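Chain by chain, the residues run as shown.
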Amino acid sequence: FFFFFFFSKVIEKSRPHTQIHKMSKAGDYESVKVDINKLLHKPDYDDGSVGPVLVRLAWHAAGTYDKETGTGGSSGAGMRYEKEGGDPANAGLQHARKFLEPVKDKHSWISYSDLWTLGGCIAIEAMGGPKIKWEPGRTDFIDDSKCPPRGRLPDAAQGADHIRHIFYRMGFDDREIVALSGAHNLGRCHPDRSGFSGPWVNNPTKFSNQYFKLLRNLEWKPKKWNGPLQYADEEDRLMMLPTDIALIQDEKFVKFVDLYAKDQELFFKDFGAVFAKLMELGVRRDGKDPTHEGKDQNKTPQAAKSGDVPKSAPPKGMTEKGKEVRSKL
């Protein structure tokens, strides 16, 4: 008996610990935060962190909001369905959703829409950014009938008028637009996703105001390559998108670019407030939310798991504006 007991204990200790901690109770968001933090470091993905793509997931989940109709926003988790997830603007975000799927499996009581938005907020803070105020209460669609139409997310190939059209529709002003653009301090573009390529800053996993400094202090010229129009620094190591360059070409936007380039503390303060506002778009907690279908009624059907859909969208082709600029190079 003693030998059997001792041997069983040795086997038990030798087993790999696949769970970080026990299943949390419903509403234990602190345990969810712990598990999100523990998955951020991933040496074999991009620049060693999944943080930037989690921020993009949270932002794209909320960025479909239309204040006039009250549709879209961070509730619903519509990207689980091809109707929204297959939007070319969301290409590559299946990776972010798959990264979070083990957390969802472990804490099945949390809605996908709460998990995705919380993931983005936790990632920003973990990468040195401000603490984002976050509240739970989002619910998930049970099918794709209430997914917002495609075309509501920004097109990086466009200019200032397009930027204002997209962000004014959500209820943001010029200062908030520029502050949110500071999220480009994180991550990089991928040719097989957006069609664009490269990071905006030297350290794309560290949140700071470096994006604004580089935007103003470096000389940006159209990149000579076979992809869509984007801009490169002199050494062709960093890049800016047409929507980034629009911020310094517009006399109203550029004032805030300069403000944030000079004052990181102010940028963090403004970014924290506006990102929290973004995460709340379309969220109603009074029971009258048109997207309120009841938490996790959708978690059982295989088709509604966040890692199953959609197929990767094809890279964007070059716009007419891009072709015109290239013809002059």
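Basis of the calculations
Residues numbered from 1 in each chain as written. Predicted model: local features only at pLDDT ≥ 70, side-chain atom pairs only at ≥ 80, totals over all residues. Heavy atoms only, no water. Helix = DSSP H or I, 4+ residues; strand = E, 2+ residues; numbered from the N terminus. Buried < 20%, exposed > 50% of the residue type's maximum accessible area, 1.4 Å probe, protein only. Contact = heavy atoms within 4.5 Å. Areas by Shrake-Rupley, 256 points an atom, 1.4 Å probe, with all protein chains shown as cover. Salt bridge = Lys/Arg side-chain N within 4 Å of Asp/Glu carboxyl O. Pairing = 2+ DSSP bridges. Phe/Tyr/Trp six-rings, centres within 6.5 Å; stacked < 30°, edge-to-face > 60°. Axes fitted to C-alpha atoms, helices over the stretch in contact; angles between N-to-C directions. Parallel < 35°, antiparallel > 145°, perpendicular 65-115°, else oblique. Nonpolar A, V, L, I, M, F, W, Y, C, P; charged D, E, K, R; others polar. Arc of directions from axis to C-beta. Polar contact = N/O pair within 3.5 Å; in protein donor to acceptor, adjacent residues only side chain to side chain. Left-handed = near helix turned anticlockwise from the far one by under 90°.

Asks: Kindly report on the overall build of the protein, identifying the contributing residues and their values.
Replies: When helices and strands are tallied, the protein shows 13 helices and five strands. Here the protein holds 329 residues, and 54% of them are scored as buried. Of all intrachain contacts in the protein linking residues separated by at least 6 positions in sequence, the fraction that spans at least 24 positions is 74%. Taken as a whole, the protein presents about 16100 Å² of accessible surface, with 53% of it coming from carbon and sulfur.

Asks: Hey, could you go over the pattern of salt bridges for me, with residue numbers and the actual values?
Replies: Under the counting rule described, the total for this entry stands at 17 salt bridges. Arg 175 is paired through a salt bridge with Asp 270; the nearest N and O atoms lie 2.8 Å apart. Remark: Asp 270 occurs in helix α12 (residues 264-279) and Arg 175 occurs in helix α8 (residues 174-181); sequence separation between them is 95 residues. Residue class for Arg 175 comes out partly exposed when judged on its relative accessible area of 31%.

Asks: Give me the sheet that holds strand β5 (residues 239-240): which residues, what numbers.
Replies: An order of β3-β4-β5 is seen for the three strands of this open sheet, with the pairing classed as antiparallel. Where the open sheet ends on each side, the last strands, each with one partner, are β3 (221-222) and β5. As defined by bridge partners, β3 adjoins strand β4 (residues 231-232) across two bridges and the pair is classed as antiparallel. In the sheet register, Lys 221 faces β4, and the bridge partner there is Ala 232.

Asks: So what about the environment of Gly 129? Which residues, and what values?
Replies: In this structure, Gly 129 sits in the loop between α6 (112-126) and α7 (160-170). On the basis of relative accessibility, which here comes to 11%, the residue Gly 129 falls in the buried class. Gly 129 sits 54 residues away from Ala 183 along the chain, and the two C-alpha atoms are 9.9 Å apart. When neighbours within four sequence positions are excluded, Gly 129 is seen to be in contact with Ile 124, Phe 207 and Phe 268.

Asks: Tell me about unusual backbone geometry, and name the residues and values.
Replies: For residues other than glycine, phi is negative in most cases, and the peptide bonds are mostly trans. The backbone of Ala 77 sits at a positive phi, close to 50°, despite the residue not being glycine. Backbone geometry at Asp 236 places phi at a positive 55°, although glycine is not the residue there. Inspection of the secondary structure puts Asp 236 in the loop between β4 and β5. Its relative accessible area of 43% is what places Asp 236 among the partly exposed residues.

Asks: Quick one: what's the story with the packing of aromatic side chains, residue by residue and with numbers?
Replies: Under the criterion given, the structure shown has 16 aromatic pairs. Ring geometry for Trp 59 versus Phe 167: centroids 5.6 Å apart, planes at 10°, classification stacked. Taken together, the residues span a long stretch of sequence, with Trp 59 in helix α3 (residues 51-62) and Phe 167 in helix α7 at a distance of 108 residues. For the pair shown, Trp 59 and Phe 167 are each scored as buried. Aromatic side chains Phe 267 and Phe 268 sit 5.9 Å apart centroid to centroid with 70° between the ring planes, which places their arrangement in the edge-to-face category. Of the two residues, Phe 267 and Phe 268, both sit in the buried class.

Asks: So, the packing of helix α10 (residues 242-249) against helix α11 (residues 253-262): which residues are in play, and what are the values?
Replies: Interhelical geometry of α10 versus α11 gives an angle of 95° and a closest axis separation of 6 Å. Comparing the axis directions of α10 and α11 gives the class roughly perpendicular. Between α10 and α11, the residues in contact are Ala 246, Leu 247 and Ile 248 and Phe 253, Val 254 and Val 257, respectively. Here the residues of the contact of α10 with α11 are counted per class, giving six nonpolar, no polar and no charged.

Asks: Mind laying out helix α9 (residues 210-217), listing which residues take part and the relevant values?
Replies: All buried positions along α9 are accounted for by Tyr 211, Phe 212, Leu 214 and Leu 215. Summarising the axial view, the buried residues of α9 lie within an arc of 165°, below the 170-degree limit, and thus occupy one face. Looking at the packing, one finds that the buried side of α9 touches α8, β5, α10, α11 and α12.

Asks: Go over the side chain of Arg 138, please, and point to the residues and values.
Replies: Its place among the elements puts Arg 138 in the loop between α6 and α7. Classification of Arg 138 as buried rests on a relative accessible area of 0%. There is a polar contact of 3.0 Å between the side chain of Arg 138 and the side chain of Ser 74. Within the structure, Arg 138 has its side chain in polar contact with the side chain of Glu 280 (distance 3.2 Å).

Asks: Quick one: what's the story with the packing of helix α2 (residues 29-39) against helix α5 (residues 93-106), residue by residue and with numbers?
Replies: Between α2 and α5, whose axes approach to 10 Å, the crossing angle comes to 155°. As judged from the angle between their axes, α2 and α5 are roughly antiparallel. For the element pair α2 and α5, the recorded crossing hand is right-handed. Along the contact surface, α2 presents Val 32, Asp 35, Ile 36 and Leu 39, while α5 presents Phe 99, Leu 100, Val 103 and Lys 106. Of the residues that constitute the contact of α2 with α5, the class distribution is six nonpolar, no polar and two charged.

Don't take any of this as a statement about function, it's just geometry.
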